[in-house]
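# Working through the structure, step by step
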Amino acid sequence: MKKKIKKIIILTFIIFTTFIFHINKLNIIYSEEENKNFIEGEKYYIQSKFQIAKQYLILALNEGYKNVLLFYYLGNIYFFDKDYKEALKYYLIAIEYNKYEKELNYNIGLTYYMLEDYVNSIKYFNNCLKIDPIFDSAYLQLGFCYFKLKDKAKTIENFQYYVAYTKNEEKKEKILKILELLKDPNFKFPENTQVASSSSSTQGTSTSGSGSGSGSSGSGTSSSSGSTSSLSSLLDSILNDPETVEISEPTGEETENEEDI
């Protein structure tokens, strides 16, 4: 009888402490306490006045204010400034609060890509697909990562998934042309697989852009030189600057996912 009571007490304690842990975690992430500097920073961020927003957000941070959006906003601002190391620092803090935020995983993957760390970039884009298996942008960026690593099979595989899921018809047509070139038996990766990227034009929490690649010459897609030249031009036109996806506002609830990220 005593052993049974002891087991009940232990079980009750475990349940209670687990409940308190989750309550405390949510209080840290979704703090109801107002911070004037954060509120001002968020206001300017929404207005795309990022440098003013950064000043207020840093002040809030120095005051000890913790909010997932604070770290996300700072990550985006530094990303827009092309300070990718600093952007990554804040994104990685934000992801600690909720690792199942699809868009945050995407932005981390994109930042690693800009830092030419393609292995970690692949990891976070794959995290996106564990959360949303038909997230077309993640497949697109995975294709570019594997292209950088000169893994032809996986480049083709991910571009094919992108084509299957995307609703962007213009970009889809370009990727189909890239796939045609990649499947050419004579195709060889260029010695330099660097794809140009330019500064992003930002609106709110998203960036997008397009550009035109340089012209190419050669004997056509049947030759390796023609294929790689045409491919480089297409890649430049698609990835002239990368995309970031707007993050959804935290709901206060963690996404359930049986597979660990």
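Figured I'd write up the structure that's included with this text.

### Looking at helix H6 (residues 102-114)
Here H6 spans 19 Å end to end across 13 residues, near enough to the 18 Å set by a 1.5 Å rise per residue. By the criterion of burial, H6 is predominantly enclosed, with 13 of the 13 residues buried.

### What to know about the nonpolar core
With 59 residues, the main nonpolar core has Phe38, Tyr45, Phe79, Phe159 and Ile175 as its most contacted residues. The dominant element in this core, judged by the number of residues it contributes, is helix H4 (residues 68-80), at 11 residues. The residues touching Phe38, leaving out its near neighbours within four places in the chain, are Leu57, Ala60, Tyr65, Asn67, Leu69, Leu70 and Tyr73.

### Quick notes on the packing of H6 against helix H7 (residues 118-131)
Where H6 meets H7, the axes come as close as 7 Å, and the angle between the chain directions of the two elements is 165°. By the criterion of interaxial angle, the relationship of H6 to H7 is roughly antiparallel. Considering how the two elements wind past one another, H6 and H7 form a crossing that is left-handed. Where H6 abuts H7, its residues Lys102, Asn105, Tyr106, Ile108, Gly109, Leu110, Tyr112 and Tyr113 lie against Tyr118, Asn120, Ser121, Tyr124, Phe125, Asn127, Cys128 and Ile131. Looking at side-chain class alone, the contact of H6 with H7 contains 10 nonpolar, 5 polar and 1 charged residues.

The rules we used
Residues numbered from 1 in each chain as written. Predicted model: local features only at pLDDT ≥ 70, side-chain atom pairs only at ≥ 80, totals over all residues. Heavy atoms only, no water. Helix = DSSP H or I, 4+ residues; strand = E, 2+ residues; numbered from the N terminus. Expected span 1.5 Å × (residues − 1). Buried < 20%, exposed > 50% of the residue type's maximum accessible area, 1.4 Å probe, protein only. Core = buried A, V, L, I, M, F, W, Y, C linked by side-chain atoms within 4.5 Å. Contact = heavy atoms within 4.5 Å. Axes fitted to C-alpha atoms, helices over the stretch in contact; angles between N-to-C directions. Parallel < 35°, antiparallel > 145°, perpendicular 65-115°, else oblique. Left-handed = near helix turned anticlockwise from the far one by under 90°. Nonpolar A, V, L, I, M, F, W, Y, C, P; charged D, E, K, R; others polar.

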